Amino acid sequence: MDTAAIYIGSGLVILVAVQLVTVIVESLLSLTRQVKQNKLSDLFMLERIEAVRARRELQSANAWNGCRKFVVKQRVEESEGTCSFCLEPHDGKPLPTFKPGQFLTFQLDVPGLEKPAIRCYSLSDGPRPDSYRVSIKRVPAPDDSSNVPPGLVSNYFHDHIREGDLLDVRAPSGHFFVDPHAKSSAILIAGGVGITPMASMLKAIAASGSARQTTLFYGIRNGREHAFKTELQELAENHDNIQVVTCYSNPRAGHDVKGRDYDVAGRVTIDVIRKTVETSNHRYFLCGPPEFMRSLGSELGDWGVPAKHIFTEAFGPASLKSRKSMSSVDSKSAPDKEGNVTVFFSRSGKNVVWETGNALSLLELAEANDVQIESGCRTGGCGTCKVAIKKGSVSYGSDPDCDIESGCGLACVAGPDGDLVIDA
Ligand SMILES: Cc1cc2nc3c(=O)[nH]c(=O)nc-3n(C[C@H](O)[C@H](O)[C@H](O)COP(=O)(O)OP(=O)(O)OC[C@H]3O[C@@H](n4cnc5c(N)ncnc54)[C@H](O)[C@@H]3O)c2cc1C
């Protein structure tokens, strides 16, 4: 073998060796990098898990099950017959935030009643970490000669609940709320005390700094009923995206001045809305007396607003008249010729007929037949009358305002779809 061949051979061996070493070093480096990266992503994952856990802990520390004690810090007369109650948690711990439009459920011991009275009241302020506010309208006895008593809890609040009193309150809930940051413009339509969730919505939109275009139409009789007047006027003055149109149906001569106290003489009608907002392409939020909601709801529909863009909150008993058709009735449980179906209350052992013509709720049917079902607000808000459905299904005139687990029904606003067996 000559010298040149030896050199070439050695060179090749060295080259291969260098390449081998390079590959080994690169693999080692990449392995180290991989191990480091894995450690980092493990750490990152752990941090994320920790952050989620901390957030959950904070939320659950702030939220509560059942009732929590609140102190009435302040009472404020907002208008004739409507009083605000500002509440602070008795335990001094922070409050969970709520969605603007949601309500609180109160459990009140009214003297003379065997059980606590349960009522829902909308939060009327924007979310704050230290206090909640509800605003309650006194419900008088009807103006006729019947012996119907005035509203129990609203009058009890007005006449007996004072600053410093303690109240039992369930956590904020409800499905009627706005997202302050949504892109679509919002039209809020309030009749009378239906202003309470709208005041909260407007304040939350303003406080969030969102540019969401929002117009409030507020219908009341006159200046006597004008709750939150200064608050609402200031919100409109200080935020370009907020407009408030106040309608007095019966302004008082010599007192109420158009342009100063109100904008439109008359009710909130579809014509007033159309003149102000021109196109129908908005999201609509309605809260007010049943007739107000019914007529405006159907006029909005006639104007071409899709039902899915209209959101409502009913303060009074929800009507069963618009109950969904009995589409889910199967052949074995089909109603008779008149549309009547049988409801079996399994624990009481009572089999009764639910007549479509009467359109009673399951709660009313139970009460009429001496079957005990616990109840509270009777408007689908507080969830007290939730019952287990053992067979069959129920439907609702309007969607209940509280969460209902599958297999359960909210007796105060439910009607049977067909023959039904319920655990009561
Ligand atoms: C989600 C939600 C939010 C709400 N938010 C608010 C709010 O922000 N502000 C507010 O003021 N209200 C609000 N309400 C309404 C509130 O919950 C109560 O329904 C209202 O205060 C009336 O309660 P009450 O106990 O005073 O009247 P109730 O005693 O329940 O009486 C209701 C009506 O029935 C009549 N009545 C009483 N007894 C009889 C009888 N034996 N026969 C016939 N009629 C009778 C009364 O005269 C009265 O007109 C809200 C309701 C819901 C569901």
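One can find the structure itself at the top, above this paragraph.
This structure is a prediction, so every number in the text was calculated from the model and none was measured.

We now examine helix H2 (residues 152–160). Among the residues of H2, Val153, Ser154, Asn155, Tyr156, Phe157 and His158 are the ones counted as buried. Elements in contact with the buried residues of H2: strand E1 (67–79), strand E2 (82–89), strand E3 (103–108), strand E4 (117–122), strand E5 (132–137) and strand E6 (166–173).

Turning our attention to the site of the ligand. Contacts to the ligand come from 22 residues, most closely from Cys120, Tyr121, Pro149, Val153 and Ser154. One nitrogen or oxygen atom from the main chain of cysteine 120 is found 2.6 Å from an oxygen atom belonging to the ligand. Backbone polar atom of leucine 152 to an oxygen atom of the ligand: 2.9 Å apart, as the coordinates give it. Across the complex, the protein chains shield 72% of the 980 Å² of accessible surface that the ligand would expose by itself. In terms of residue count, the dominant contributor to the shell around the ligand is E4 (four residues). Looking at the shell around the ligand, its residues break down into 13 nonpolar, six polar and three charged. Taken together, domain 2 (67–139 + 151–173) and domain 3 (186–313) each give at least three residues to the shell around the ligand, which thus spans both.

Looking at the secondary structure, you find arginine 68 in strand E1. The exposure class assigned to arginine 68 is buried, which follows from its relative accessible area of 7%. A polar contact is formed between the side chain of arginine 68 and the side chain of aspartate 91, at a distance of 3.0 Å.

Looking now at the pairing of strand E13 (residues 341–345). Burial along E13 is one-sided: the residues Val341, Val343 and Phe345 are buried and none of Thr342 and Phe344 is. In this antiparallel pair of consecutive strands, E13 and strand E14 (residues 350–354), the connection spans four residues, and glycine 349 shows a positive phi of 70°. Direction of pairing for E13 relative to strand E19 (residues 420–422): parallel, over a ladder of three bridges. Following the sheet pairing, phenylalanine 344 is matched in E19 by valine 421.

About the criteria used
- Residues numbered from 1 in each chain as written.
- Predicted model: local features only at pLDDT ≥ 70, side-chain atom pairs only at ≥ 80, totals over all residues.
- Heavy atoms only, no water.
- Buried < 20%, exposed > 50% of the residue type's maximum accessible area, 1.4 Å probe, protein only.
- Helix = DSSP H or I, 4+ residues; strand = E, 2+ residues; numbered from the N terminus.
- Contact = heavy atoms within 4.5 Å.
- Near = heavy atom within 4 Å.
- Polar contact = N/O pair within 3.5 Å; in protein donor to acceptor, adjacent residues only side chain to side chain.
- Areas by Shrake-Rupley, 256 points an atom, 1.4 Å probe, with all protein chains shown as cover.
- Nonpolar A, V, L, I, M, F, W, Y, C, P; charged D, E, K, R; others polar.
- Domains from an automatic or database assignment.
- Pairing = 2+ DSSP bridges.

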